[in-house]
Amino acid sequence: MIITWYKSSERMSWRKLKIYIVRNVLLITSFLLLCASFFFYSEAEVIRSKYDLSSAEQFATGSVVTITGVIDGDEIGVVNETGGKGVVRLLGVKSFLSSNRDQSLGRYGMQSYDYLKTLEGKQMRLTLNKGVTVDTKGRLLGYLDTLAPKEDESLDIGMHMISEGWSVVYVEFPAERETVYLHAQQKADENKKGLWSNPGLANQVRGFNLLWRESRKEREQED
């Protein structure tokens, strides 16, 4: 019994040490990403300010919206058929952005951003989160799918960016499509697409994933 307790304690200590190491390494990485993305963030705030976030109640699941602007690699300005404007924060998607097209994660975040820019002016179908539909910033939480004659022919633009390895699955908060997103990410990893072709960047993302899951677990335990 003592041996079992010791082994269990040893595993827990190693887990805590691993999280501690990852957190410290990623703090430095996050700081560098923050510095690199400051210019882009400032520009995004200017774009974001053009949208009346108080009109979020005018949107519902199934609404057809038109993309009117791209704020960053996972945040999109939209307008509905009655003229209501809003900002959609794509659920379960994380894009890393920087002000330049370097070889780091920011380079792939910019590919997501460039892809979304090609969709400006196009109509999409909005699916809102089944729980909280608006975050503390007033952004709509949901998914955007292309319009198609048949539902199974539509394209989830968030999953497309994950499948290409430009963006990753954001697991800090639960999302209905998380399982299919993780499957798409696994395939991108196996096929070395996008950032997954770079072992260093792939390990950074795995580190972020560890922290996101730990944060989510702590939040759920508090609830």
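Residues numbered from 1 in each chain as written. Predicted model: local features only at pLDDT ≥ 70, side-chain atom pairs only at ≥ 80, totals over all residues. Heavy atoms only, no water.

1. Here we look at the packing of aromatic side chains
How we decide: For this analysis, a ring pair means two rings from Phe, Tyr or Trp (six-membered ring only for Trp) whose centres lie within 6.5 Å, classed as stacked if their planes differ by under 30 degrees, edge-to-face if by over 60, and tilted for the remaining angles. In this description a helix means any DSSP run of H or I spanning at least four residues, a strand means any run of E spanning at least two, and both kinds are numbered starting from the N terminus. Relative accessibility thresholds used throughout: buried, under 20% of the residue-type maximum; exposed, over 50%; partly exposed, between the two (1.4 Å probe, protein chains only).
With the rule as written, the count across this model stands at six aromatic pairs. Residues Y170 and W212 carry aromatic rings whose centres are separated by 4.9 Å and whose planes lie at 90 degrees to one another, so their mutual orientation is edge-to-face. Of this pair, Y170 sits in the loop between β7 (168–169) and α4 (178–190) while W212 sits in helix α5 (residues 199–222), placing them 42 residues apart in sequence. Centre to centre, the rings of F208 and W212 are 5.9 Å apart; their planes meet at 20 degrees, and the pair counts as stacked. Separated by four residues within a single helix, F208 and W212 lie in helix α5, roughly one turn from each other. Overall, F208 belongs to the buried group, its relative accessible area being 8%.

2. Thoughts on the nonpolar core
Applied cut-off: In this description, a nonpolar core means a group of buried Ala, Val, Leu, Ile, Met, Phe, Trp, Tyr and Cys residues linked to one another through side-chain atoms lying within 4.5 Å. Only heavy atoms matter for contacts: two residues are in contact if any of them lie within 4.5 Å across the pair.
The biggest cluster of nonpolar side chains holds 46 residues, and the ones touching the most others in it are I76, V78, L116, L126, L144 and I157. For this core, the leading source of residues is helix α2 (residues 105–117), giving six residues. The residues contacting L144, other than those within four sequence positions of it, are V65, I76, V78, V88, L90, M124, R125, L126, L155, D156 and I157.

3. Here's the deal with the side chain of D74
Within the secondary structure layout, D74 lies in the loop between β1 (64–72) and β2 (75–80). In this view, D74 contacts V88, R89, L90, V93, K94, S95 and L116; residues no more than four positions away in its chain are not counted.

4. Remarks on the confidence of the model for the protein
Selection rule: A score between 0 and 100, pLDDT records how confident the predictor is in each residue.
In this model, the protein carries an average pLDDT of 83, and 73% of its residues clear a pLDDT of 70 or more. Between residues 2–9, whose pLDDT stays under 50, and residues either more than four places distant or in other chains, the model counts zero contacts. A low-confidence stretch, residues 28–39 stays under pLDDT 50, and its non-local contacts, those more than four residues away or across chains, total 13 contacts.

5. Points about the pattern of salt bridges
Cut-off, in case you're wondering: One side-chain nitrogen of Lys or Arg within 4 Å of one carboxyl oxygen of Asp or Glu is enough to make a salt bridge.
Inspection of the entire model under this criterion finds 11 salt bridges. For E75, the salt bridge is made with R139, and the minimal N-O distance between the two is 3.3 Å. With E75 in strand β2 and R139 in the loop between β5 (123–128) and β6 (140–146), this pair connects stretches of sequence that are 64 residues apart. For R139, a relative accessible area of 12% gives the class buried. In this structure, the salt-bridge partner of D156 is R177, at a minimum N-O distance of 2.7 Å.

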